[in-house]
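Observations on the model geometry
Read off the chains here:
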Amino acid sequence: MPSQVLKPRFRKVQTFQTNYAPAVITQYESERSGMQVVVADRKGPKINGYFTLATEIFDDSGAPHTLEHLVFMGSKNYRYKGLLDKLAGRAYSNTNAWTAVDHTAYTLETAGWDGFAQILPVYLEHVIVPNITDDACVTEVHHVDGEGNDAGVVYSEMQALQYSSSELMDLRARRLLYPENIGFRYETGGMMEALRVLTPERIRAFHKAMYQPRNLVIVIVGEADHENLLQILDEFEESIKDIISPLDDDFKRPFVDSPQPPPLKETTVETVEFPEEDESTGEILVAFFGPDCNDQVQITAMGILITYLCGSSVSVIENIMVEREELASSVSGWWDARPNSVIWFQPAGVETEKLAFVEQRFISLLKEVASKPLDMAYMTECIQRDRRQVKFQAEGSEGFYSNNIITDYLFGKRDGSTLAELQCLKEYDVLEAWGDKEWRAFLTKWLSDAHHVSILGKPSMKLATSLKEAEEARIARRKEALGEDGLQELKVRLEIAKNNNEKPIPPGILDQWPVPDTSSIHFIESATARSGKARILGASVNSAQKVIDAAPQGLPLFIQFEDVPTNFVHLTIHIGTSETPAKYKPLLPLFADNFYNTPVVRDGKQMEFEDVVKQLEKDTISYQINGAGRVGDYEGMTIQFQVEPDKYSTMISWLRTLMFDTVFDPVRIKAAIVKALADIPEAKRDGRSMAQEIDTGIHMRPESNLVARRTLVKAVYLRRLKKLLEKEPETVISWFDDLRRSLFTFQNLRVLVTADVAKLANPVAAWDALTSAPHMDPTKDILPITKPYAMLNDEGNAPGSFGSVIIPMTTLDSSYSVSTATGLKSFADPRLPAYLVALGYLEAVEGPLWNAVRGNGLAYGVSFTREVDGGFIQYRVYRSPDASKAIEASRATVSRLASGKDPLDRHLVEGAVSGIVLAAADEQATMAAAAQQNFLLGVIRGLEPDWNRKILARVREVTDDEIRAAMTEIVLPVFEPGKSNVVVTCAPIMEESMVKALSEMGYKTQVQPLSHFYDDYGLKADEDEGNDDEDEDDDSEEESDGSDEDMED
Ligand SMILES: [Zn+2]
């Protein structure tokens, strides 16, 4: 065959290195099909592909969105639903897709090039030559079921969306911005009434028009093998050459060759109602046309102007409208990239009767700002901060490249000249030279003097009712028109479609593709160096350790350095809580919320919280305080900063200020309590998290942060704390002082510095600025990290005697459950590799539990927990018409596999191993993540540095017998009465049958109201609380139904 020697027919358009982040961008174009390929090469184990088509349509049929689903139903040569996903599952890959108003993107994320290369041609065939059958359209798009109801995957998705306030307001705004000949006007997801009449022919025609190689860009971010890539694409084009339209054929580029929207001739303000029972607050959406997204200077200026106006609590619009005039709970701003971009502002949480007034106030404020000199010092900070954040994103997130490349493909010049502007950030230099005059002219032109479209979103109870009634009447009319026979016909039609779609994949087909090699997965190397108390963990021989050893040493703080070639410094300070008394643990979330938002004393002077925020914004890229779960410790906390290297010592001095020189202010603490209280009603309506919280309380000690931070604690604790704060502020403040003293001690701190270590000035001794604080005692030994299983209580150490509990909740119309049994306690457990493979096997997409539970409509989802050293295993059922049936079906499935009655499917075992590899790559996808993994393994878990490598090797060697043993010994007990406990939250109507089912399984049962599990951590109500309604927002059934109901026999 002559084609074997031909060079791929792809022309390299350009290649360049970005000068602000380590990436090389290369653009190719196919000379025979016009397909474009843009690769952003950057180091790491993950390859991310975005196969993107520009999709323009002039109706609300939703054809673009339906393809996003239909493409996965099979292709010309592979006519099996699920084949692509099964194949991807064994090749360290995941697939997904999205539909926007102007494009559809299909994603492929893979660990290593070899897996990516294997899936790529099969995936592209699905995209360009899908097998769109009428049967697929029935199940995936829309159908009427045997009861006369509308259903279908896309239809149900849009049903959940179409009457939401954001959708109604956004769509109305676009109808006012764009005339009928502009694609941006339409709902590409599909309006329900249009989806009901959409035909397969229309979908196929849309596919034919838009899904052409010359309208497709293959965007790849990661380490790509270019030669191999072009070879694969060339062969793919060869396979479809009969359907590629000649390049000299008439083809109009979507959006670019189409008519452009005319400018707005006038300002329009319209009210749009949305269905909502609570009519107290609404929202506002304001839209302006903005500059061309291809003009880097103008569009970057717009982004910075939006930040200047409403980027944070200290920016002018947000500060006046939210903080001072209290007209809205927030004002956000963003823009959509288009040839005529759209600038959006959204004041949210606006009192309904003030909607019109607040809209006018917003516009008058814009004019006010434009009429006076701007705060140019703050504007300069906004420019610099934006530039820092862009550089940071370019280094850490593949989304930076994919977003910019996709936008350029949609609207930029196809010769590559606009893409080339990604090379540098010179637009920021231009903007730094802009003065007050330029900025105000810009603001006046695009915003304050421009026509705009405003939508006042008004909640309406009446609309909620009438929509519901109209829908019921429509279904009733249809049922009548169809009659029994008509309905029966539809039922049969649906069954046929389902059967045709679910044709099983013959096992031999998957074997055509061998499981790819893992040698192409290049994990990021991060070299570890240690100083101070961290040296007890041992020190490596490497250049980073030499740099650290040669530096002045200072006090012996526990510091682990991770050396990677990053342009930034990522600081993580891990704080143990083992010396914090249990009674203060419920204060931790408030303490964290207050941490960066409170006055401080610096250089003897008090700084207000706004100034603290402003200064922190100036000195950092970002800053956070959280639980330490992300470094593998649920009992600790972390403070994190991302800064440029020259701010290293500035950050250390900030840490000292924030740890020791903050002023606890009753006003700020009260604000934090009020915010936290506002979240409680919604949290208490959530059946899934309430089941989990109750389970945690049953199995863990109150000293655990997981127990103390629950909503079930906050529900009583915070209200009492708020009262106490009003009566005795000094008592509450003294608690916060005690809490702070228990946290910020020398023996409690472990520091992770991720940086290009050689670039750090004074890396070790700089920390003396923190450790020389009066409370720090460097002679103390570091406290051990709390092992998760140490937090189990007696029941947690041997689950089974509690039995089951059913909690009826009026807010639910389905059920949720958590079952808990004893699990692994150590990463050294020899059963670990088999256990991980067993869980991956059971949970696989289209795997045994998926089919037994989801496939039979018993629950929307089920899952196991993955905690390896927690000493427990959990099984969760999510959104189920009857959780007890889902549990029973799961038990039967696992039991058949564990006993060998059902054989293990080899492809699913391969898929389970592949999933573990992909998860490992995910955890180490960036330099900062790889460094954090080293800290998690070595410092938190005390494992050897190559632990990940070893476990990945061992999971490959797991035998079927070992998998069955892990299922029998570790997994099955979670379904066994006497060895497991079950918590169920459910709709009240399910109570009786749930009690019956669980007791028939052999569990002790009890029924309890949610309030039974409240815990006040010893903060008692004072004597005059009596008449104050403790639980004013509680569901009534919790008050009336408080008696313990015992099981039926
Ligand atoms: Zn969808």
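Procedures and definitions
Residues numbered from 1 in each chain as written. Predicted model: local features only at pLDDT ≥ 70, side-chain atom pairs only at ≥ 80, totals over all residues. Heavy atoms only, no water. Helix = DSSP H or I, 4+ residues; strand = E, 2+ residues; numbered from the N terminus. Contact = heavy atoms within 4.5 Å. Areas by Shrake-Rupley, 256 points an atom, 1.4 Å probe, with all protein chains shown as cover. Lys, Arg positive; Asp, Glu negative; His and termini not counted. Charge placed at Lys NZ, Arg CZ, Asp CG, Glu CD. UniProt positions renumbered as here; feature names shortened; annotations may be inferred. Pairing = 2+ DSSP bridges. Axes fitted to C-alpha atoms, helices over the stretch in contact; angles between N-to-C directions. Expected span 1.5 Å × (residues − 1). Buried < 20%, exposed > 50% of the residue type's maximum accessible area, 1.4 Å probe, protein only. Donors = N, O, S within 2.8 Å, 3.2 Å for Na, K, Ca; no water. Tetrahedral: all angles 85-135°; square planar, octahedral: opposite > 155°, others 65-115°. Phe/Tyr/Trp six-rings, centres within 6.5 Å; stacked < 30°, edge-to-face > 60°. Lys NZ or Arg CZ within 6 Å of the ring centre and 35° of its normal. Salt bridge = Lys/Arg side-chain N within 4 Å of Asp/Glu carboxyl O. Parallel < 35°, antiparallel > 145°, perpendicular 65-115°, else oblique. Left-handed = near helix turned anticlockwise from the far one by under 90°. Nonpolar A, V, L, I, M, F, W, Y, C, P; charged D, E, K, R; others polar. Disulfide = S-S within 2.5 Å. Core = buried A, V, L, I, M, F, W, Y, C linked by side-chain atoms within 4.5 Å.

Brief notes about the overall build of the chain
- On a plain count of helices and strands, the chain comes out with 38 helices and 30 strands.
- Its C-alpha atoms give the chain principal-axis dimensions of about 80 × 80 × 65 Å.
- Within the chain, contacts between residues at least 6 apart in sequence are counted, and of these 81% link residues at least 24 apart.
- If you sum the accessible surface of the chain, you get close to 43300 Å²; carbon and sulfur atoms cover 50% of it.
- Taking the 108 positively charged and 163 negatively charged side chains of the chain as two groups, their mean positions are separated by 4 Å.

Some remarks on the UniProt feature "domain: Peptidase M16 C-terminal" (unreviewed entry) in the chain
- Within this structure's numbering, the places UniProt gives as "domain: Peptidase M16 C-terminal" (unreviewed entry) are residues 198-383.
- In this annotation, residues 198-383 is assigned 40% helix and 21% strand; the end-to-end C-alpha distance for the span is 48 Å.

Brief notes about the sheet that holds strand β23 (residues 749-755)
- Spatial strand order, β16-β17-β23-β18-β22-β21: six strands in an open sheet with mixed pairing. Each of the sheet's edge strands pairs with one partner strand only, and the pair in question is β16 (527-531) and β21 (622-627). Neighbouring strand axes in the sheet, compared pairwise and without regard to direction, differ in orientation by 15° on average.
- Pairing geometry for β21 and strand β22 (residues 637-643), over six bridges, is antiparallel. Along β22, the bridge assignment pairs tyrosine 623 with phenylalanine 641.

As for helix α30 (residues 832-843)
- With 12 residues, α30 extends 17 Å from end C-alpha to end C-alpha; this agrees with the ideal 16 Å at 1.5 Å per step.
- Within α30, burial applies to Leu832, Pro833, Ala834, Tyr835, Leu836, Val837, Ala838, Leu839, Gly840, Tyr841 and Leu842.

Some points on the pairing of strand β25 (residues 815-822)
- Counting buried residues along β25, seven of its eight residues qualify, which places the element largely inside the surrounding structure.
- In this structure, β25 lies alongside strand β27 (residues 872-880), joined through seven bridges in antiparallel fashion. The residue of β27 that forms the bridge with serine 817 is valine 877.

Considering the coordination of the zinc ion
- Coordination of the zinc ion by the protein comes from His65 (NE2), His69 (NE2), Glu157 (OE) and Glu157 (OE), over a distance range of 2.1 to 2.5 Å.
- Coordination at the zinc ion comes from four donor atoms whose angles at the metal span 56 to 155°, giving a geometry best classed as irregular.
- Sequence spacing of the donors to the zinc ion: H-x3-H-x87-E. You can see histidine 65 and its partner histidine 69 sitting in helix α1 (residues 63-70), four residues apart, about one turn around the helix.
- On the accessibility criterion, histidine 65 (3% relative accessible area) is buried.

Things to note about the packing of aromatic side chains
- Across all of its chains, the model carries 39 aromatic pairs by this definition.
- Note on phenylalanine 72 and tyrosine 106: the rings are 6.2 Å apart at their centroids and 50° apart in plane angle, and the pair reads as tilted. Taken together, the residues phenylalanine 72 in the loop between α1 and α2 (83-90) and tyrosine 106 in strand β6 (residues 103-111) connect sequence positions 34 residues apart.
- The class for tyrosine 106 is buried, based on a relative accessible area of 0%.
- Linked through ring pairs, Phe591, Phe595, Tyr596, Tyr623, Phe641, Phe660, Phe664, Phe736 and Phe744 together constitute an aromatic cluster.
- Against the face of tryptophan 654 rests arginine 602, its NZ or CZ located 4.1 Å from the ring centre.

A word on the UniProt feature "domain: Peptidase M16 N-terminal" (unreviewed entry) in the chain
- Per the UniProt record, "domain: Peptidase M16 N-terminal" (unreviewed entry) is found at residues 60-146.
- For residues 60-146, helix accounts for 45% and strand for 21%, while the C-alpha atoms at its two ends are 27 Å apart.

Things to note about the pattern of salt bridges
- Scanning all chains against the criterion turns up 51 salt bridges.
- Residues lysine 81 and glutamate 502 are paired through a salt bridge, measuring 3.1 Å at the closest nitrogen-oxygen approach. One end of the pair, lysine 81, is in the loop between α1 and α2; the other, glutamate 502, is in the loop between α17 (461-501) and α18 (507-510), and 421 residues separate them in sequence.
- By relative accessible area, which is 46% here, glutamate 502 ends up partly exposed.
- For glutamate 201, the salt bridge is made with arginine 204, and the minimal N-O distance between the two is 3.8 Å. One end of the pair is glutamate 201 and the other is arginine 204, both in helix α8 (residues 200-210) and three residues apart, which spans about a single turn.
- Owing to a relative accessible area of 30%, arginine 204 belongs among the partly exposed residues under this scheme.

Comments concerning the environment of isoleucine 240
- Along the chain, isoleucine 240 turns up in the loop between α9 (226-239) and β10 (268-275).
- Sequence-wise, isoleucine 240 and proline 213 are 27 residues apart; in three dimensions their C-alpha atoms are separated by 9.8 Å.
- Setting aside its immediate chain neighbours within four residues, isoleucine 240 contacts Ile128, Val129 and Pro213.

A short note on the packing of α30 against helix α35 (residues 947-956)
- Between α30 and α35, whose axes approach to 9 Å, the crossing angle comes to 65°. Comparing their axes, α35 and α30 come out roughly perpendicular. Helix-helix and strand crossings are classified by hand; for α30 and α35 the assignment is right-handed. Here Leu832, Pro833, Leu836 and Val837 of α30 lie close against α35, whose contacting residues are Trp947, Ile951, Arg954 and Val955.

Details of unusual backbone geometry
- One non-glycine residue, aspartate 603, lies in the positive phi region at around 50°.
- Relative to the assigned elements, aspartate 603 resides in the loop between β19 (600-602) and β20 (605-607).
- A positive phi angle is found at arginine 879, which is not glycine, with a value near 50°.
- Checked against the element boundaries, arginine 879 lands in strand β27.

Side note on the packing of helix α3 (residues 113-128) against α9
- The interhelical angle for the contact between α3 and α9, taken along N-to-C directions, is 25°, at an axis separation of 10 Å. By the angle class used here, α3 and α9 are roughly parallel. With respect to the hand of their crossing, α3 and α9 are arranged in right-handed fashion. Judged by residue contacts, Trp113, Ala117, Leu120, Pro121, Leu124, Glu125 and Ile128 of α3 engage Asn228, Leu229, Ile232, Leu233 and Phe236 from α9.
- When the residues that make up the contact of α3 with α9 are grouped by side-chain class, the tally is 10 nonpolar, one polar and one charged.

Section: the side chain of glutamine 747
- As for its placement among the helices and strands, glutamine 747 is situated in the loop between α27 (729-743) and β23.
- Residue classification places glutamine 747 among the buried residues on the basis of a relative accessible area of 8%.
- Beyond its immediate chain neighbours, meaning those up to four positions away, glutamine 747 contacts Glu579, Lys780, Asp781, Ile782 and Leu783.

Some words on the state of the cysteines
- Summed over all chains, the structure comprises zero disulfides.
- Between cysteine 382, a cysteine without a disulfide, and cysteine 310, which holds the nearest cysteine sulfur, the sulfur-to-sulfur distance is 11 Å.
- We classify cysteine 382 as buried; its relative accessible area is 5%.

Digging into the nonpolar core
- Core analysis: the largest hydrophobic core is formed by 93 residues, its most contacted members being Phe561, Ile639, Phe641, Tyr648, Leu721, Val753 and Trp767.
- Counting residues per element, this core draws most heavily on helix α26 (residues 711-727), at nine residues.
- Ignoring anything within four residues of it in the chain, the contact list for tryptophan 767 reads Leu557, Ile559, Leu571, Tyr648, Ile652, Leu655, Val751 and Val753.
- Counting residues in each nonpolar core, the second largest holds 89 residues, with Ala173, Ala287, Ile304 and Tyr401 among its members.

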